Amino acid sequence: MGMSLSPFRLFSKLLKPGRYPIVPIGVILIFIFLAVMGQSIAPYPANQMDLPARFVPPFWQDSGSMKHVLGTDDMGRDILSRIIVGTRVSFIVSLLSLTLGGVLGTAIGIVSGYYGGRIDSILMRTADATLAFPIILLAMLMAVALGPSLQNVVISLSIVLWARYARVVRGEVLSYKEYDFVALARVAGASGFRIMWKHLFPNIRSTLLVLLTLQVGWVIIVEASLSFIGAGIPGPDPVWGSMISKGRNYVTTAWWIPFFPGVAVAIVCLSFNMFGDWLREALDPRMRQVGGGG
Amino acid sequence: MDELLRVKNLKTHFFTKYGVVKAVDGVSFSLNKGETFGIVGESGCGKSITALSILRLIQEPPGRIVDGEIFLEGQDLLKLDKKQMRRVRGKKISMILQDPLSSLNPVFTIGSQLIEAIRIENHTKPSGYWEKARKLLEMVQIPSPAVRLKNWPHQLSGGMRQRIVGAISLASKPQLLIADEPTTALDATIQVQFLRLLRELQEKTQVGLIIITHDFGIIARMCQRAAVMYAGKIVEIGPVKELFDRPAHPYTAGLMRSLPKLEETVERLVSIPGQPPPLDVEIKGCGFYDRCDVGLELCANKKPPVVNINPGHEVRCWNTQRIEKGSKGCQ
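Residue positions are given per chain, counted from 1 along the sequence in the order it is written. Chain letters and ligand numbers both follow the written order, the letters beginning at A and the numbers at 1. Restriction of local features to residues with pLDDT of at least 70 applies here, the model being predicted, together with a cutoff of 80 or more for giving and counting side-chain atom pairs; totals for whole chains, interfaces and linings are based on all residues.

### Quick notes on the overall build of chain B
At step 1: Looking only at helices and strands, chain B has 12 helices and 12 strands in total.
At step 2: We compute the radius of gyration from the C-alpha atoms alone; for a globule the expected value is 2.2 Å times N to the 0.38, where N is the number of residues. Computed over its C-alpha atoms, the radius of gyration of chain B comes to 21 Å, within 12% of the 20 Å expected for a compact globule of 331 residues.
At step 3: With respect to the three principal axes, the spread of C-alpha positions in chain B is 70 × 50 × 40 Å.
At step 4: Going through the 331 residues of chain B one by one, you find that 47% of them count as buried.
At step 5: Expressed as a percentage of contacts within chain B between residues at least 6 apart in sequence, the contacts between residues at least 24 apart total 65%. To qualify as a helix, a DSSP run of H or I must reach at least 4 residues; to qualify as a strand, a run of E must reach at least 2; elements of each kind are numbered from the N terminus. Put simply, a residue is buried when 20 or more other C-beta atoms lie within 10 Å of its own C-beta and exposed when 12 or fewer do; between those, it is partly exposed, and each C-beta is set from the backbone. C-beta atoms are first placed from the backbone for all residues, and any pair lying within 7 Å is then listed as a contact.

Structure representation (structure tokens):
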């Protein structure tokens, strides 16, 4: 087993011409490119202040110019450059916390659903408690206790994320473990670990991928909110969230300061969500055409 | 003939909040190599639990095998540790379950699932796996097997899927195959087809086959010997021909009477009044006493003995005199 959804096949599927979503994938690729290149393709150093050129509007407005395509902020820093440089932090945060929370949550969810009973009760009540705890408060506590840092943001996000994964995965496992193929695997001498990893996990893999892509957007938004209330990644390096938060003071006079970072968050979220929706259909063998499997 | 399996006084009980459920309570039978043995009984009489006990797959807790011995080729399965038992399951015992729609993993192709099973049996030369998988599909009479190997389970019909489950279960060349209601989910014509295939495969591979069913028709078609289970006990065991011609236990006789017969026209089929007893209440005497039409006084309070009425034909009943009097059983 395992040959049916190997990374190679996934890759070839993505390359296959046809009904794959060009726009979201293109947008994601562009942002990944920005995240990788960072400062080296930004027109200005992200933290370079230029006080005479404060509050320059975007280029299409009367006092705007092509020198600062998306305008400048209250300290004369170029907004486009700050968005480009901020991409990396947003992607790193979401990647790390999704991986950490996802792996932990999936493992706990599978074990919880498969074994059931007391283990299930303990793990799921813990997940409930975690979900009931407001993430903003958690992140603030961590920021107060350990000081705001990228690491702490990732930890707070993972703590909330694992519970979401665990819930969804457990639900899926509960339904799949009643299938006869699980009973037959047991008859064929498979161990509990093997059944969970080789028989149940492949069935929830597509759900997981979809959840993952849907969460990318959510994580970026939460990271932005954390930065917004000051419990996020500390400055002066640009982060989308803190750009929005600092810019909100100027919404009425210089709307472009919070607006463009907000647009970046929205575009990335939307693209990942659309990509996730497509991925679910592409990965589910039951949604493939007869004869087209393979 | 060589004995393959011997189950002796097997007791599997479930310890629940409401009491001890004696799902299997002292079951004994044996099976020879290449023989087909049937277990019949109504829902909840313990036939599936008997099969799961042989595989030691009883959910524990609440269930537990409290007593008995299960010998497979002379080896007591109940004495093996977990690891050894897993090896027995993979290599020596296989199973076909009721629902072909959920017996295959939906996210793997037929080919990869077959290869998974082939790997258990032989660890070398992965290059030959595909060819072996194709041969297995040919063996279970799947048309254009090379194409089917690349198919997903949802692309095949129920009958085809059940045949593939059969192929997978035989891939590791087991000595014992347990079919738990293998045709319940199939429609009538496919049932006949599948049973015929199962019998052919059994003759070819000489696997010991246990068929669990509630359908006497399947027993008659497939089995040499059979056991009738009632309330966790085998109430009658013997060659199939004898069970049909001279049912000795009033329960078996009642079941036979309730089968429609071709040569007679009846307006209503006879049924056995009442319900099986709840298994979590201690039964003092015979579990069938309340529904029995030939019950004696002592049946209510004393457990009936196992009486041997013909070689290989045993019945668990007090009132055996009626059997010896009339040569035609207790009709």
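### Looking at the overall build of chain A
At step 1: Secondary structure assignment for chain A yields 10 helices and zero strands.
At step 2: Sequence-ordered secondary structure for chain A, helices as α and strands as β, is α-α-α-α-α-α-α-α-α-α.
At step 3: Scored against the burial criterion, the 294 residues of chain A give a buried share of 41%.
At step 4: Considering only contacts within chain A whose residues lie at least 6 apart along the sequence, 70% involve residues at least 24 apart.

### What to know about the sheet that holds strand β4 (residues 63-72) of chain B
Residues and elements named next belong to chain B.
At step 1: With antiparallel pairing, four strands are arranged side by side in an open sheet as β2-β1-β4-β5. Of all the strands in the sheet, just β2 (19-32) and β5 (75-76) have a single pairing partner and so form its edges.
At step 2: A strand pair is defined by DSSP finding two or more bridges across the two strands. Alignment of strand β1 (residues 3-16) against β2, held across 11 bridges, turns out to be antiparallel. Bridged to His-13 within β2 is Lys-22.

### Digging into the interface of chain B and chain A
At step 1: With 27 residues of chain B in contact, the opposing surface of chain A contributes 22 residues.
At step 2: Every element with two or more residues in the side of chain B that touches chain A is listed here: α2 (82-91), β6 (93-96), α3 (100-103) and α4 (110-121) of chain B.
At step 3: When grouped by side-chain class, the residues that make up the side of chain B that touches chain A number 11 nonpolar, 10 polar and six charged. Here the term charged refers only to Asp, Glu, Lys and Arg, the term nonpolar to Ala, Val, Leu, Ile, Met, Phe, Trp, Tyr, Cys and Pro, and the term polar to all other amino acids, Gly among them.

### Topic: the pairing of β4 of chain B
Residues and elements named next belong to chain B.
At step 1: Alignment of β1 against β4, held across eight bridges, turns out to be antiparallel. Along β4, the bridge assignment pairs Phe-14 with Gly-63.
At step 2: Across two bridges, β4 lies against β5 in antiparallel orientation. Bridge assignment links Phe-71 to a residue of β5, and that residue is Asp-76.
At step 3: Between β4 and the antiparallel strand that follows it, β5, lie two residues; Glu-73 among them carries a positive phi value of about 50 degrees.

### Considerations on the nonpolar core
In globular proteins that are soluble, nonpolar side chains generally tend to be buried together.
At step 1: Residues Leu-114, Ile-164, Ala-167, Ile-178 and Ile-210 of chain B are the most contacted members of the largest nonpolar core, which totals 159 residues.
At step 2: Looking at this core, the element that brings in the most residues is helix α8 (residues 192-229) of chain A, giving 14 residues.
At step 3: Look past the residues within four positions of Ile-164 of chain B in its chain and what remains in contact with it is Leu-104, Ile-110, Val-140 and Ile-142 of chain B. For this analysis, nonpolar core means a set of buried Ala, Val, Leu, Ile, Met, Phe, Trp, Tyr and Cys residues linked through C-beta atoms within 7 Å.

### Quick word on the confidence of the model for chain B
Residues and elements named next belong to chain B.
At step 1: In the predicted model, chain B carries a mean pLDDT of 85, and 95% of its residues have values of at least 70.
At step 2: The pLDDT value expresses, per residue, how confident the predictor is, ranging between 0 and 100. Across residues 325-331, confidence stays below pLDDT 50; counting only partners more than four residues off in sequence or on other chains, it has 14 contacts.
At step 3: Interface scoring of the predicted complex returns ipTM 0.79; its pTM is 0.77.

### Focus on unusual backbone geometry
Note: most peptide bonds trans; most residues except glycine with negative phi.
At step 1: Residue Phe-55 of chain A is not a glycine yet carries a positive backbone phi of 50 degrees.
At step 2: Position of Phe-55 of chain A among the secondary structure elements: in the loop between α2 (22-37) and α3 (79-115).
At step 3: Here the phi dihedral of Lys-173 of chain B falls at roughly 50 degrees; this positive angle occurs in a residue that is not glycine.
At step 4: Along the chain, Lys-173 of chain B turns up in the loop between α7 (158-171) and β7 (176-180).

### Structural notes on the environment of Arg-82 of chain A
All names here are of chain A.
At step 1: Its place among the elements puts Arg-82 in helix α3.
At step 2: The buried category is assigned to Arg-82, around which 27 C-beta atoms lie within 10 Å.
At step 3: Placed 157 residues apart in sequence, Arg-82 and Val-239 show a C-alpha to C-alpha distance of 7.8 Å.
At step 4: Those residues in contact with Arg-82, other than ones at most four positions away along the chain, are Ala-46, Arg-77, Pro-238 and Met-243.

### Describing the sheet that holds strand β3 (residues 36-40) of chain B
Residues and elements named next belong to chain B.
At step 1: Spatial strand order, β6-β7-β8-β3-β9-β10-β12-β11: eight strands in an open sheet with mixed pairing. The strands lining the two open edges of the sheet, one partner per strand, are β6 and β11 (306-310). If you compare each strand with its neighbour and ignore which way they point, the axes differ by 20 degrees on average.
At step 2: Both β11 and strand β12 (residues 313-316) contribute to a ladder of four bridges, which runs antiparallel. Looking across to β12, one finds that Val-307 is bridged to Val-315.
At step 3: Along the sheet, α7 makes contact with β6 and β7, crossing β6 at roughly 175 degrees. Fitted lines through C-alpha atoms serve as axes, helices being fitted only where they are in contact, and the angles separating the N-to-C directions of these axes extend from 0 to 180 degrees.

### Some details on the packing of α3 of chain A against α8 of chain A
Residues and elements named next belong to chain A.
At step 1: One can describe the packing of α3 onto α8 by two numbers: an axis separation of 8 Å at closest approach and a directional angle of 145 degrees. Here α3 and α8 pass one another in a crossing that is right-handed. Along its contact with α3, which presents Ser-90, Val-93, Ser-94, Ser-97, Leu-98, Gly-102, Thr-106, Ile-110 and Tyr-114, the element α8 presents Gly-192, Met-196, Leu-200, Phe-201, Leu-208, Leu-212, Gln-215, Val-216, Val-219, Ile-220 and Glu-223.
At step 2: Here the contact of α3 with α8 is built from residues that sort into 12 nonpolar, seven polar and one charged. In this scheme the handedness of a crossing depends on how the near helix is turned from the far one: anticlockwise by less than a right angle means left-handed, clockwise means right-handed.

### So, the environment of Trp-255 of chain A
At step 1: Structurally, the position occupied by Trp-255 of chain A is in the loop between α9 (240-247) and α10 (256-283).
At step 2: Remark: the alpha-carbon pair of Trp-255 of chain A and Phe-55 of chain A, spanning 200 residues in sequence, is separated by 9.6 Å.

### Observations regarding the confidence of the model for chain A
Atom-level detail of predicted coordinates should not be read off regions where pLDDT is low.
At step 1: Scored by pLDDT, chain A has a mean of 84; 90% of the residues are at 70 or more.
At step 2: Low pLDDT, under 50, characterises residues 289-294 of chain A; the predicted model gives this stretch eight contacts beyond four residues in sequence or across chains.

### Looking at the environment of Val-66 of chain B
Residue and element names in this part refer to chain B.
At step 1: Looking at where Val-66 falls in the secondary structure, it is placed in strand β4.
At step 2: Linking Val-66 and Leu-10, residues 56 residues apart in sequence, is a C-alpha distance of 7.9 Å.
At step 3: Look past the residues within four positions of Val-66 in its chain and what remains in contact with it is Lys-11 and His-13.

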